[in-house]
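Architecture at a glance
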Amino acid sequence: MSNTTQTAHEFESTSFGHFHAGFWVTLAMTAQLASADLFTINTKNTSLVLTNWNSIHQLYYGKTLANPADLQTVGGHKPEAYAARGGWNHFGGLGVVHPDGNTSLDMKCATTTVKTIKKGVKEHIFELKDAHYPFRIKLHYRAYHDSDVIETWCEFFNDDPKQAIKLDRFDSVAMAMNAPAKAYELDHYVSNWGSEFQLQRETLGYGTKTIQNRAGVRGSFGANPSFMLALGETVTETTGEVIAGALAWSGTWHVSIDRNQHNQISINAGINPANITYTLDAGKSFLTPKFVMTHSSAGRGQASRNLHLWARKHQLREGDRLRPVLLNSWEGAYFTFDQKLLASMMDGVKTLGGELFVLDDGWFGNKHPRNHDRAGLGDWDVNHKKLPGGIKFLTDAAKKRGLKFGIWVEPEMVNPKSELYETHPEWIIQQPNRPNLLARTQAVLDLANPKVQDYVFGVVDKLLSENPEIYYIKWDANRDFSHPGSTYLTADKQQHIWVDYIRGLYGVLAKLEKKHPTVIFKACASGGGRVDYGILNYCHEFWTSDNTDSLRRIYIQWGTGQIYPACAMAAHVSIVPNHQTKRSEPLKFRFDVAMTGRMGFELNPAKMSKTDVKFAQAAVKCYKDIRPIVQQGLLYRLVSPYEGTKNYASLLYTTADKSQAVVFGYCMRKMMSESLAPVKLAGLDPKATYRVKEINIDTARPKNRQRHTHLSGKTLTGQSLMQIGMPIQFFNDYDSCVIKLAKITPKPKAKAKAKKK
Ligand code: GLA
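Computed from a prediction, not measured in an experiment: that's the story for all the values here. (Residues numbered from 1 in each chain as written. Predicted model: local features only at pLDDT ≥ 70, side-chain atom pairs only at ≥ 80, totals over all residues. Heavy atoms only, no water.)

1. Details of the pairing of strand E17 (residues 253-259)
For E17, the buried fraction is high: six of the seven residues fall into the buried class. Bridge count for strand E13 (residues 207-213) against E17 is seven bridges, and the pairing is antiparallel. Looking at E17, one finds that Ile211 is bridged to Val255. Hairpin connection, E17 to strand E18 (residues 265-271): the antiparallel pair is bridged by five residues, and Asn263 has positive phi, about 60 degrees. (Buried < 20%, exposed > 50% of the residue type's maximum accessible area, 1.4 Å probe, protein only. Helix = DSSP H or I, 4+ residues; strand = E, 2+ residues; numbered from the N terminus. Pairing = 2+ DSSP bridges.)

Right under this line is the structure:
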């Protein structure tokens, strides 16, 4: 496993921490602070400078600063690094109500600690104590040198041995910056079922802009918990300063960005405090989710690449593992299948060149068979009628064909028509004297309750233990909270459900990861309802959207890629007319769109024509060839479908060493006398020479419409491809191309000659 924060998910009732002492590679250095100490937290290209001036204040966040001491000479307003409510601050990221009713904090810095987590990852911890009350904050900054990412989060300690306190705000970050620019543009991502990650770009005026989720379970519907803030008027993909941020949390959340009369920008992000007062009992602590941030001085593209690199190296499960080409049975079979059909679908995916078959919903329930979404959820015994040979038959069938096998679960939910509900009606989220409101005829199980946590863990653990051949789990969650209450939580702590549910979920996933470390986990919540860096600490990938229409996917995936890496973004080729939009696009277009993520299928191969199968086989081969470039490469966005004519889109991935690249181009709407060409490429080695080759060609098309660039077969320098560009021609709506670039290395013969000389 490549990441540092995954293995030790020891959950206590009061915290959901990801760390244990074993992670601290070197000894911590803890020091009493002298006033006016300066702390510079550096990554490869950025500096965050803080100072101890009674409390901890933030002086600078931006491009590397060689002489941070100059900040003291320059002077000016010093906003608190983490603004808590108290004094002149009536808002703040943290709100505490002490037992005597006092609503303020007066935090002074007591100690600072610097730890090396691993090579290139350092953490600063500032411990702040209230001047009077037994209350403490630990403010964490973990800096990742390679990717210019800083994670920041807090722990709040109620050190009172006897009395509880109340928290009514508990942000992960509450930082302010002095007038970093004269103008600001905010990118955020509106997300809905079937229409996830719709990029919104707006000027940030004075006042507060809040994006949020208040749903509880599908935390990235409404909006994604992430944003990009462009500092200045001329920020582009490749130029200008950008701060990008993402909250690693799957429940209700808020991100609030405020521009005040002094032209100060504040960024607050955390669990949404709306409707939550959290009681912190005597001696207990509260750990916030992490806020992940990066600063780029080279435009929005670099901000995305920073997050992608950090995610692959440090956050995603096994971010460096190539993801398999899979077929998921949902759109190909829905609830209607038997063993025979599934075996034939396996034959199909094998023929196409796939590596994994995933059985979706509908395989369980006997008293209440899961033949539709109104029954059976909660009863995780294999349905004997559909699958008399059990899961074993399926894993054997997959093995026989040289495939891996995966399966769908939705263990957080229950249909009232289920044996589970008949036995444990008290296990669902509910409030007394209120009707149980259903959505998709199902209710949410109360993951704040340790018994329910054990049950949910048990369901998946049993499945995996009894069927060790299961390679992949698709973990779904298809509704949000209604009447949010718990029969487990006491009356005074009912509002904890919003927080404790997600902590419970993470605890279960952590235990599963520990026990079944090699199983791939996919996060799904009615499509992209759970796309966040919290869940992605426990999962390898996410289902980007239930909408598999390739035209819509161009926009959805463009938005998703702003924050999340391609290797985690599941993109499946489906049939036409598309089941969601009824639109029909050519198979090549559908492939060319899916190839920019973790490609797979969402169809029954038996229904494909011979010609389509032939094309698909070649396309899968193509994808496998470029898979390392896409899944592990660096993304450069070239032509945005959201900007300009909005008729074309183009993007490119390069390997980290720039030796290979692949360009994707799409025509959403063919216009006359309007050309896309030449597309200026990016991310190449200007001095290197590249061989250009169009791949994934549809040879069934008329010869003069098969190729989209006359550069195919030619060699050009990286500089020319970036400065002159690559002419791309499209012939009709939904036309597309994939073009591979490979650096030409000097022939060894030439080298030998050079040596002789
Ligand atoms: C959700 C998922 C789909 C599919 C169905 C099954 O909608 O997003 O991919 O798994 O549930 O019921």
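Now that the structure has been shown, we can carry on.
2. Details of the environment of Tyr141
Take Tyr141: it is sitting in strand E8 (residues 135-144). As a C-alpha pair, Tyr141 and Val292 span 151 residues in sequence and 9.8 Å in three-dimensional space. Setting aside anything within four residues of it in sequence, one finds Tyr141 in contact with Ile41, Leu48, Leu50, Ala81, Lys122, Glu123, His124, Phe126, Ile150, Glu151 and Thr152. (Contact = heavy atoms within 4.5 Å.)

3. Regarding the nonpolar core
Across soluble globular proteins, nonpolar side chains show a tendency to be buried alongside one another. Ranked by size, the top nonpolar core spans 195 residues in total, and within it Phe156, Trp363, Ile473, Trp475 and Phe591 carry the most contacts. With eleven residues, helix H8 (residues 497-515) is the single largest residue contributor to this core. Of all hydrophobic cores here, the second largest spans 23 residues; its members include Val679, Val692, Met726 and Leu741. (Core = buried A, V, L, I, M, F, W, Y, C linked by side-chain atoms within 4.5 Å.)

4. Examining the sheet that holds strand E4 (residues 55-63)
The strand order across the open sheet formed by three strands is E2-E3-E4, and the pairing between neighbours is antiparallel. Bordering the open sheet on either side are strand E2 (38-42) and E4, each of which pairs with just one other strand. Neighbouring strand axes in the sheet, compared pairwise and without regard to direction, differ in orientation by 20 degrees on average. Of the pairings in the sheet, the one linking E2 to strand E3 (residues 46-53) comprises five bridges and is antiparallel in character. Within E3, the residue paired with Asn42 across the bridge is Ser47. (Axes fitted to C-alpha atoms, helices over the stretch in contact; angles between N-to-C directions.)

5. Comments concerning the packing of helix H7 (residues 450-466) against H8
Here H7 crosses H8 at 25 degrees, and the two axes come no closer than 9 Å. Relative to H8, the element H7 is oriented roughly parallel. Here the hand of the crossing between H7 and H8 comes out right-handed. Taking contact as the criterion, the partners of Gln453, Asp454, Val456, Phe457, Val460, Asp461 and Ser465 in H7 are, on H8, Gly504, Val508, Lys511, Leu512 and Lys515. Looking at the contact of H7 with H8, its residues break down into five nonpolar, three polar and four charged. (Parallel < 35°, antiparallel > 145°, perpendicular 65-115°, else oblique. Left-handed = near helix turned anticlockwise from the far one by under 90°. Nonpolar A, V, L, I, M, F, W, Y, C, P; charged D, E, K, R; others polar.)

6. So, the packing of aromatic side chains
Evaluation of the coordinates by the stated rule reveals 33 aromatic pairs. Taken together, a centroid distance of 6.0 Å and an interplanar angle of 25 degrees make the contact between Phe156 and Phe286 stacked. Note that Phe156 is positioned in strand E9 (residues 149-158) and Phe286 in strand E20 (residues 285-287), a separation of 130 residues in sequence. Residues Phe156 and Phe286 agree in their burial class; the two are buried. Relative to Phe197, the ring of Tyr189 has its centre 5.0 Å away and its plane inclined at 45 degrees; by these criteria the two rings are tilted. Taken as a pair, Tyr189 and Phe197 share a single burial class, namely buried. An aromatic cluster is defined as three or more aromatic residues linked by ring pairs; in this entry it consists of Tyr144, Tyr189, Phe197, Trp310, Tyr533, Phe542 and Tyr564. Positioned over the ring face of Phe157 is Arg136, at 4.2 Å from the centre of the ring. Across from the ring centre of Trp153, 5.0 Å away, lies the NZ or CZ of Lys290, which sits over that ring. (Phe/Tyr/Trp six-rings, centres within 6.5 Å; stacked < 30°, edge-to-face > 60°. Lys NZ or Arg CZ within 6 Å of the ring centre and 35° of its normal.)

7. Quick notes on the site of the ligand
Around the ligand sit 13 residues, and of these Asp360, Asp361, Lys474, Gly527 and Asp546 come closest. At 2.8 Å, a side-chain N or O of Lys474 approaches an oxygen atom of the ligand. Within the side chain of Asn478, an N or O atom sits 3.4 Å from an oxygen atom of the ligand. Alone, the ligand offers 310 Å² of accessible surface; in the complex the protein occludes 96% of this. Grouping the constituent residues of the shell around the ligand by class yields four nonpolar, three polar and six charged. (Near = heavy atom within 4 Å. Polar contact = N/O pair within 3.5 Å; in protein donor to acceptor, adjacent residues only side chain to side chain. Areas by Shrake-Rupley, 256 points an atom, 1.4 Å probe, with all protein chains shown as cover.)

8. Considering the sheet that holds strand E37 (residues 735-743)
The six strands are arranged E32-E33-E34-E37-E35-E36 in an open sheet whose pairing can be described as antiparallel. Every interior strand has two partners, whereas the edge strands, strand E32 (634-639) and strand E36 (715-717), have only one. For this sheet, the mean angle separating the axes of adjacent strands, direction not counted, is 25 degrees. Sheet topology note: the E32/strand E33 (residues 648-654) ladder contains five bridges and is antiparallel. Bridge pairing in E33 places Leu634 opposite Thr654.

9. Some remarks on the side chain of Asp546
As for its placement among the helices and strands, Asp546 is situated in the loop between strand E29 (541-543) and helix H9 (550-560). Despite its burial, Asp546 remains without a salt bridge, the nearest opposite charge being carried by Lys474 at 5.8 Å. When neighbours within four sequence positions are excluded, Asp546 is seen to be in contact with Trp193, Glu196, Glu331, Ser526, Gly527 and Gln580. (Lys, Arg positive; Asp, Glu negative; His and termini not counted. Salt bridge = Lys/Arg side-chain N within 4 Å of Asp/Glu carboxyl O.)

10. A few points about H9
Three- or four-residue spacings in an α-helix give side chains the same orientation, since the helix completes a turn every 3.6 residues. Counting buried residues in H9 gives ten out of eleven residues, a clear majority hidden from the surface. Looking only at H9, the buried set comprises Ser550, Leu551, Arg553, Ile554, Tyr555, Ile556, Gln557, Trp558, Gly559 and Thr560.

11. Some words on unusual backbone geometry
Leave glycine aside and you will find that most residues have negative phi; peptide bonds, for their part, are mostly trans. The amide bond that connects Val576 to the next residue, Pro577, takes the cis arrangement and shows omega of -10 degrees. In this fold, Pro577 is placed in the loop between strand E30 (569-574) and helix H10 (587-594). A positive phi angle is found at Asp148, which is not glycine, with a value near 60 degrees. Asp148 sits in the buried class, given a relative accessible area of 4%. The phi dihedral of Lys582 falls on the positive side, at around 65 degrees, and the residue is not glycine. Tracing the backbone through its elements, the reader meets Lys582 in the loop between E30 and H10.

12. Concerning the pairing of E9
Of all ten residues in E9, ten are buried; the element is thus mostly enclosed. A two-sided burial pattern is seen for E9, the buried positions comprising Val149, Glu151, Trp153, Glu155 and Phe157 on one face and Ile150, Thr152, Cys154, Phe156 and Asn158 on the other. Note that E8 and E9 share ten bridges and pair antiparallel. Across the sheet, the residue bridging to Phe135 is Asn158, located in E9. The hairpin turn running from E8 into E9, its antiparallel successor, is four residues long, and Asp148 in that turn takes a positive phi close to 60 degrees. As judged from the four bridges shared by E9 and strand E21 (residues 291-296), these two strands associate in the antiparallel manner. Residue pairing for E21: Glu151 is matched across the bridge by Val292.

13. Some details on the confidence of the model for the protein chain
Overall, the prediction assigns the protein chain a mean pLDDT of 93, with 93% of residues at 70 or greater. Per-element confidence in the protein chain ranges from a low mean pLDDT of 42 for strand E1 (residues 29-32) to a high of 99 for strand E23 (residues 356-359). (pLDDT = per-residue confidence, 0-100.)

14. Quick look at helix H11 (residues 610-632)
Taking 1.5 Å of rise per residue, 23 residues should cover 33 Å, and H11 covers 33 Å from first to last C-alpha, within 8% of that figure. Within H11, the axis deviates most sharply at Ile626, by approximately 55 degrees, and proline Pro628 lies no more than four positions further along. Among the residues making up H11, those that are buried are Val613, Phe615, Ala616, Ala619, Val620, Cys622, Tyr623, Ile626, Arg627, Ile629, Val630 and Gln631. (Expected span 1.5 Å × (residues − 1). Bend = angle between axes of the 7 residues up to and from the residue.)

15. Considerations on the pattern of salt bridges
Going through the model one piece at a time under the given rule, you end up with 38 salt bridges. Here Asp373 ties to Arg440 by a salt bridge, and the two come within 3.3 Å at their closest N and O atoms. Within this pair, whereas Asp373 is found in the loop between E23 and helix H5 (390-400), its partner Arg440 is found in the loop between helix H6 (419-423) and strand E26 (443-444), the two being separated by 67 residues in sequence. The partner of Lys588 in a salt bridge is Asp592, and the shortest N-O contact between them spans 2.7 Å. One end of the pair is Lys588 and the other is Asp592, both in helix H10 and four residues apart, which spans about a single turn. The same class applies to Lys588 and to Asp592, which are both buried. What you see here is one network of salt bridges that share partners, running through Glu185, Asp187, Arg201, Arg300 and Glu643.

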